[in-house]
Amino acid sequence: MDVRRRKLTFRCWHRGTREMDLLLGRYVDRHIAGLNDADIEALEHLLEAPDPELFAWITGGKPVPANYDLPILQAIRDFHRDNPTAEAV
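Predicted model only: the values in this text are computed from it and were never measured.

Draft legend 1. Spotlight on the environment of glutamate 53. Inspection of the secondary structure assignment puts glutamate 53 in helix 4 (residues 51-59). You can call glutamate 53 partly exposed: its relative accessible area is 27%.

Draft legend 2. Spatial organisation of the packing of helix 2 (residues 18-31) against helix 5 (residues 71-82). Running from N to C, helix 2 and helix 5 point in directions that differ by 95°, and their axes come no closer than 10 Å. What the angle tells us is that helix 2 and helix 5 run roughly perpendicular. Of the residues in helix 5, those in contact with Leu22, Leu23, Leu24, Arg26, Tyr27, Arg30 and His31 of helix 2 are Ile72, Ala75, Ile76, Phe79 and His80.

Draft legend 3. Quick look at the nonpolar core. Counting residues in hydrophobic clusters, the biggest one holds 25 residues, and the most contacted among them are Leu24, Leu43, Leu46, Leu54, Ile58, Ile72 and Ile76. Elements supplying a minimum of two residues to this core: helix 1 (3-13), helix 2, helix 3 (37-46), helix 4 and helix 5. Setting aside residues up to four positions removed in sequence, leucine 54 forms contacts with Arg15, Met20, Leu24, Leu46, Ala49 and Leu73.

Draft legend 4. Quick peek at helix 1. Listed in full, the buried residues belonging to helix 1 are Arg5, Leu8, Thr9, Cys12 and Trp13. For helix 1, the buried positions fall inside an angular range of 130° around the axis, keeping them on one side. More than 90 degrees from the buried face of helix 1, the exposed residues found are Lys7 and Phe10. Of the surrounding secondary structure, the elements contacted by the buried residues of helix 1 are helix 2 and helix 3. The N-cap residue of helix 1 is aspartate 2: its side-chain oxygen and the backbone nitrogen of arginine 4 are 3.0 Å apart.

Draft legend 5. How the structure looks around the pattern of salt bridges. A complete count under the given rule lists seven salt bridges for this structure. A salt bridge links arginine 4 to glutamate 44, with the nearest nitrogen and oxygen atoms 2.8 Å apart. One end of the pair, arginine 4, is in helix 1; the other, glutamate 44, is in helix 3, and 40 residues separate them in sequence. You can call arginine 4 partly exposed: its relative accessible area is 33%.

Draft legend 6. Here's a closer look at the packing of aromatic side chains. In total, this model carries two aromatic pairs according to the counting rule given. Both rings, one in tyrosine 27 and one in phenylalanine 79, keep their centres 5.7 Å apart while their planes meet at 80°; by these two values the pair is edge-to-face. Of this pair, tyrosine 27 sits in helix 2 while phenylalanine 79 sits in helix 5; the two residues are 52 residues apart in sequence, bridging distant segments of the chain. Residue phenylalanine 79 is classed as buried on the basis of its relative accessible area, which comes to 6%.

About the cut-offs
- Residues numbered from 1 in each chain as written.
- Predicted model: local features only at pLDDT ≥ 70, side-chain atom pairs only at ≥ 80, totals over all residues.
- Heavy atoms only, no water.
- Helix = DSSP H or I, 4+ residues; strand = E, 2+ residues; numbered from the N terminus.
- Buried < 20%, exposed > 50% of the residue type's maximum accessible area, 1.4 Å probe, protein only.
- Axes fitted to C-alpha atoms, helices over the stretch in contact; angles between N-to-C directions.
- Parallel < 35°, antiparallel > 145°, perpendicular 65-115°, else oblique.
- Contact = heavy atoms within 4.5 Å.
- Core = buried A, V, L, I, M, F, W, Y, C linked by side-chain atoms within 4.5 Å.
- Arc of directions from axis to C-beta.
- Polar contact = N/O pair within 3.5 Å; in protein donor to acceptor, adjacent residues only side chain to side chain.
- Salt bridge = Lys/Arg side-chain N within 4 Å of Asp/Glu carboxyl O.
- Phe/Tyr/Trp six-rings, centres within 6.5 Å; stacked < 30°, edge-to-face > 60°.

Below is the structure:
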């Protein structure tokens, strides 16, 4: 795995709250190898958001602002909807 993907995986598993670690870490473990450069850039942008906001967007607790309403966010939501007990690889 290249350096950028390794750093992104680390960032997803070390957000600061266990809930976000699980939501993002599980997703990235399953999908990091298949993400293209645009997906990686979008995920990096998404990780700039504070945990409480990002958690609310993923779980549907708050509407997503236009600048964060990205296909990668929908992919994360879909992954957890379809795999509620997904385990890390």
